[in-house]
Amino acid sequence: MKKGIHPENYRLVAFKDMSNDDVFITKSTVETKETIVHEGVEYPVFKMEISRTSHPFYTGKSKLIDTAGRIDKFKNKYANRAK
């Protein structure tokens, strides 16, 4: 392996799934400004919209996330074309 091409600032970071508040700790180089206390220890936190605990592929449950009404807008736009 080449020397000097890999980051050396790995540290423990809390990744928080915002859809179900699941938190897991792993080493990362991600830059964060916020912190969170998890199991009595303070970690830098990276907030995610979806993770392995909320993704339909891993959970086996279909969950519709439509924050901007895009699906309804699409259905209304193309409803007449289906006929």
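Residue positions are given per chain, counted from 1 along the sequence in the order it is written. With the structure being a predicted model, the display of local features is reserved for residues of pLDDT at least 70 and the display and counting of side-chain atom pairs for 80 or more, all residues being used for whole-chain, interface and lining totals. Side-chain calculation: all heavy atoms of the structure are included, whereas hydrogens and water are not.

Asks: What is the right way to read the sheet that holds strand β3 (residues 35-38) from this model?
Replies: Strand order in the open sheet formed by 4 strands is β2-β1-β4-β3, and the pairing between neighbours is mixed. With one partner strand each, in any of the chains shown, β2 (23-28) and β3 form the two edges of the open sheet. On average, each strand axis in the sheet is tilted by 50 degrees relative to the strand beside it, whichever way the strands run. Should DSSP find at least two bridges between two strands, the strands are regarded as paired. Numbering of helices and strands runs from the N terminus, with a helix taken as a DSSP run of H or I at least four residues long and a strand as a DSSP run of E at least two residues long. Lines fitted to C-alpha atoms define the axes, with helix axes restricted to the stretch in contact, and inter-axis angles between N-to-C directions lie between 0 and 180 degrees.

Asks: What exactly am I supposed to notice about the pattern of salt bridges here?
Replies: Counted as salt bridges are all cases of a side-chain nitrogen of Lys or Arg within 4 Å of a carboxyl oxygen of Asp or Glu. Per the stated rule, a full pass over the model turns up 1 salt bridge. In this structure, Glu34 and Lys47 form a salt bridge, with 3.0 Å as the shortest nitrogen-oxygen distance. Of this pair, Glu34 sits in the loop between β2 and β3 while Lys47 sits in strand β4 (residues 41-48); the two residues are 13 residues apart in sequence, bridging distant segments of the chain. To sort residues, take the accessible area from a 1.4 Å probe on protein chains only and compare it with the maximum for the residue type: under 20% means buried, over 50% means exposed, and anything in between is partly exposed. For Glu34, a relative accessible area of 45% gives the class partly exposed. Its relative accessible area of 41% is what places Lys47 among the partly exposed residues.

Asks: For this particular structure, what's the right way to read the nonpolar core?
Replies: Considering soluble globular proteins, one finds that nonpolar side chains tend to be buried as a cluster. Side-chain atoms within 4.5 Å link the members of a nonpolar core, which is a set of buried Ala, Val, Leu, Ile, Met, Phe, Trp, Tyr and Cys residues. By size, the foremost hydrophobic cluster in this structure holds 5 residues: Ala14, Val23, Ile36, Tyr43 and Val45. Contacts: residue pairs with any heavy atoms within 4.5 Å of one another. Excluding anything up to four places from it in sequence, Ala14 contacts Val23, Phe24, Ile25, Ile36, Tyr43, Pro44, Val45 and Phe46.

Asks: Honestly, the side chain of Lys16 in this entry has me stumped. Any pointers?
Replies: With respect to the helices, strands and loops of the structure, Lys16 is situated in strand β1 (residues 11-17). In this count, Lys and Arg are taken as positive residues and Asp and Glu as negative ones, while His and the chain termini are left out. Put simply, Lys16 is tucked away with no salt bridge, and the nearest opposite charge, on Asp21, sits 4.0 Å away. Excluding its chain neighbours within four sequence positions, the residues that come into contact with Lys16 are Asp21, Asp22, Val23, Ile36, Val45, Phe46, Lys47 and Met48.

Asks: What should I look at first to understand the pairing of β1 in this one?
Replies: For a regular strand, the rule is simple: side chains alternate between the two faces of the sheet. For β1, a buried count of 5 out of 7 residues is recorded, marking the element as mostly surrounded by other parts of the structure. As paired elements, β1 and β2 share 6 bridges and run antiparallel to each other. Considered in β2, the bridge of Ala14 is made with Ile25. Between β1 and β2, which pair antiparallel one after the other, the connecting turn spans 5 residues, and Asp21 there sits at a positive phi close to 60 degrees. When β1 meets β4, the two strands line up parallel, connected through 4 bridges.

Asks: In this structure, what is going on with unusual backbone geometry? I would like to understand it.
Replies: The backbone of Asp21 shows a phi angle near 60 degrees, a positive value even though the residue is not glycine. Note on placement: Asp21 falls in the loop between β1 and β2. In this structure, Glu39 is a non-glycine residue whose phi angle is positive, near 55 degrees. For Glu39, the location among the structural elements is in the loop between β3 and β4. Using a relative accessible area of 73% as the deciding quantity, one classes Glu39 as exposed.

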